[in-house]
Amino acid sequence: MSFRLLIDGRLCDGVSTFDVLDPATGTVLASSWCADDALADRAIAAAHRAFSSWRGTSPGQRGAALDALATALERETEAFARLLTQEQGKPLAEARGEVGASVAALRYHAGLRLEDRVLVETSEERIVEQRYPLGVVAAIVPWNFPLLLLVLKLAPALAAGNCVIAKPAPTTPLTALKLGELAADLLPPGVFQTLGDAGSLGAFLAAHPGIAHVSFTGSTATGRKVMASASATLKRFTLELGGNDAAIVLDDADIAAVAPRLFEGAMSNAGQVCIGIKRIYAPRSRIDALCDALADLAKQAVLGNGLDEATTLGPVQNAAQHARLGDLLEESRRLGRVLTGGTPLPGPGWFVSPTVIRDLPEQARLVREEQFGPVIPVLAYDSVEEAVARANDSEYGLGASVWSGDVERALSVASGIESGLVWVNRVFSLPFDVPIGGAKQSGIGRHQGLAGMEEFTQARIVNASLVSGPLA
């Protein structure tokens, strides 16, 4: 398999190729063409040419184009899902879910409209807030949800009248490039383009004066670099960064009912979910029961190649992440008590057994850092106030959750958590019309809903006097 770039409406070769590996086997899956700075410059120039006409199309025309792309993607669901599983590692059921969510996101944004907002209207004056597109958007996409997170940037940016250049992660470029193949026949040249990248283009795009907005999802460390690169031109940016999301289980929670949902929140996509559960706080009186339930669920998980329909937990996506988890687990075995799992598995592939660890100190790396793998620490607390304080004692603030048999009590606890999103008795509920965004070092800007679409626009205030007669 070979995957080409989309530049100025044409599928083309890059300047070189690089191997894309299957994380379940560690072997070469396909080759991807790689762009360089010169090709990126060509794409940016093409996007600027396209922007002058794309911004002038009606919202209905732009929506129709997004809807056509959604229909084309939906027709190719199984092909995209299999490719997604092979390049990313997630089980086919999860891959099909990601493709389906991508189709739904395109259709949602196809119907979204940014209307003028009247701020003041009297007999003497009218003040209106309008929104206009920024120009060329660089969409820099991570490897954990390489298709959905691209679409969640692409769809609102295009719907608002911008043009988009996608830069997928070096380890998972294939579904993004395949989406470009679909778009080549459906969108005007230059409106959407794809650039394969072995790891050098992100900084180039973020600093380029021809890029008006950078939409980045990835680690907090890389987000800081994007922010620094964007500063020279004061370009707009949105950053969706790391998280160390705490789940607080209250003493009235039904352990048998909540344990499977906590396990799902921690282990979906092999734990590689920025807004997944990363640490669980449980009352000291309930921690034994919860740990037993989570360990039983871990033992029932079916670890394997995601192409096998029986698999429920795939590999982590790349060798670097596999090695990092090995370091975290080595310390955790010394400091805490491993209930199940606890070591990365030898090859082929980059597998880590689902791991439940208890009794770690609060300063352990697995508690302080974002593990991004199928490893969950369970920590005891003695008071709810203590649990909230420990949950808040983090540089991150992406998401959190509270679990209780008393919803009003849980809502009260949730209101004390310093995070951009807090779920109560649920996880992974992310309706497209509800905006989200991280607190602290988990990000800047909003995603989804009208607020997310507005991130790709500039506000303009039109302030008019309605009084006739000579100007003052």
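See the structure printed just above.
Everything quoted here is computed from the prediction, not taken from an experiment.

Reading the values: rules and limits
- Residues numbered from 1 in each chain as written.
- Predicted model: local features only at pLDDT ≥ 70, side-chain atom pairs only at ≥ 80, totals over all residues.
- Heavy atoms only, no water.
- Salt bridge = Lys/Arg side-chain N within 4 Å of Asp/Glu carboxyl O.
- Helix = DSSP H or I, 4+ residues; strand = E, 2+ residues; numbered from the N terminus.
- Pairing = 2+ DSSP bridges.
- Contact = heavy atoms within 4.5 Å.
- Axes fitted to C-alpha atoms, helices over the stretch in contact; angles between N-to-C directions.
- Buried < 20%, exposed > 50% of the residue type's maximum accessible area, 1.4 Å probe, protein only.
- Parallel < 35°, antiparallel > 145°, perpendicular 65-115°, else oblique.
- Left-handed = near helix turned anticlockwise from the far one by under 90°.

Undergrad: What am I meant to see in the pattern of salt bridges here?
TA: Any two side chains of opposite charge can pair, on the condition that their charged atoms come close. Evaluated as defined, the whole model comprises 26 salt bridges. With its nearest N and O atoms 2.9 Å apart, the salt bridge here joins Lys-278 to Glu-370. With Lys-278 in strand 14 (residues 277–283) and Glu-370 in the loop between helix 12 (365–368) and strand 17 (375–381), this residue pair connects regions lying 92 residues apart in the sequence.

Undergrad: It is not clear to me how the pairing of strand 6 (residues 117–121) should be interpreted in this structure. Could you clarify?
TA: The side chains of a regular strand alternate between both faces of the sheet. For strand 6 and strand 7 (residues 125–133), the ladder comprises four bridges, and the chain directions are antiparallel. Residue Val-120 lies in a different strand from strand 7, and its bridge partner there is Ile-127. In textbook terms, the turn of a hairpin is the stretch between consecutive antiparallel strands, and for strand 6 and strand 7 this stretch comprises three residues.

Undergrad: How should I be thinking about the sheet that holds strand 4 (residues 16–21) in this particular structure?
TA: Picture the strands of a sheet paired through backbone hydrogen bonds; they go either parallel or antiparallel. Read across the sheet, three strands follow the order 1-5-4 without closing on themselves; strand pairing throughout is mixed. Two strands in the sheet have a free side with no partner beyond their single neighbour: strand 1 (2–3) and strand 4. Alignment of strand 1 against strand 5 (residues 28–34), held across two bridges, turns out to be parallel. The partner of Phe-3 across the bridge, within strand 5, is Ser-32. Across the face of the sheet, helix 3 (residues 77–88) comes into contact with strand 1, strand 4 and strand 5 while running at roughly 90° to strand 4.

Undergrad: So what exactly am I meant to see when it comes to the sheet that holds strand 23 (residues 457–465) here?
TA: Taken together, three strands build an open sheet; the order of strands is 6-7-23 and the sheet is antiparallel. Of all strands in the sheet, those with a lone pairing partner are strand 6 and strand 23, marking the two edges. The mean inter-strand angle of the sheet, taken between neighbouring strand axes irrespective of direction, is 20°.

Undergrad: Would you mind going over the side chain of Gln-371 with me for this structure?
TA: As for its position among the elements, Gln-371 is in the loop between helix 12 and strand 17. Apart from residues lying up to four places away in sequence, Gln-371 is in contact with Lys-278, Gln-321, Arg-324, Leu-325, Leu-328, Leu-366, Ile-376 and Pro-377.

Undergrad: It is not clear to me how the pairing of strand 16 (residues 355–358) should be interpreted in this structure. Could you clarify?
TA: Side chains Thr-355 and Ile-357 of strand 16 all project onto a buried face; the interleaved residues Val-356 and Arg-358 project onto the opposite face, where all are buried too. Of the strand pairs in this sheet, strand 15 (residues 337–340) and strand 16 are connected by three bridges, and their pairing is antiparallel. In the strand pairing of strand 16, Val-338 is matched with Ile-357. Pairing of strand 16 with strand 17 involves four bridges; the strand directions are parallel. Within strand 17, the position partnered with Arg-358 by the bridge is Val-378.

Undergrad: Could you clarify how one ought to interpret the environment of Leu-119 in this entry?
TA: Assignment of secondary structure puts Leu-119 in strand 6. Considered as a pair, Leu-119 and Asn-463 are 344 residues apart in the sequence and their alpha carbons are 9.6 Å apart.

Undergrad: I'm lost on the packing of helix 3 against helix 4 (residues 92–110) in this one. Help?
TA: Closest axis-to-axis distance for the helix 3/helix 4 pair is 8 Å, and the angle between their directions is 125°. With respect to their mutual orientation, helix 3 and helix 4 come out oblique. In the packing of helix 3 onto helix 4, the handedness of the crossing is right-handed. Where helix 3 approaches helix 4, its residues Thr-77, Glu-78, Phe-80, Ala-81, Arg-82, Leu-84 and Thr-85 are matched on the opposing element by Leu-92, Ala-95, Arg-96, Glu-98 and Val-99.

Undergrad: Whenever I open this one, the environment of Leu-148 confuses me. Can you help?
TA: Mapped onto the secondary structure, Leu-148 falls in helix 5 (residues 148–159). Classification of Leu-148 as buried rests on a relative accessible area of 15%. For the pair formed by Leu-148 and Leu-313, sequence separation is 165 residues and the distance between their alpha carbons is 19 Å. Each residue touching Leu-148, except ones within four places of it in the same chain, is listed here: Glu-98, Ala-101 and Ser-102.

Undergrad: Got a minute to help me understand the packing of helix 2 (residues 59–75) against helix 6 (residues 174–183) in this structure?
TA: In a packed pair of helices, the relevant descriptors are the angle between the two axes and the axis-to-axis distance. Where helix 2 contacts helix 6, the axes come no closer than 10 Å and their chain directions differ by 120°. Our classification of the angle between helix 2 and helix 6 gives oblique. Handedness of the helix 2/helix 6 crossing: right-handed. Residues Leu-69, Ala-72 and Leu-73 of helix 2 touch helix 6, and the partners they reach there are Leu-179, Leu-182 and Ala-183.

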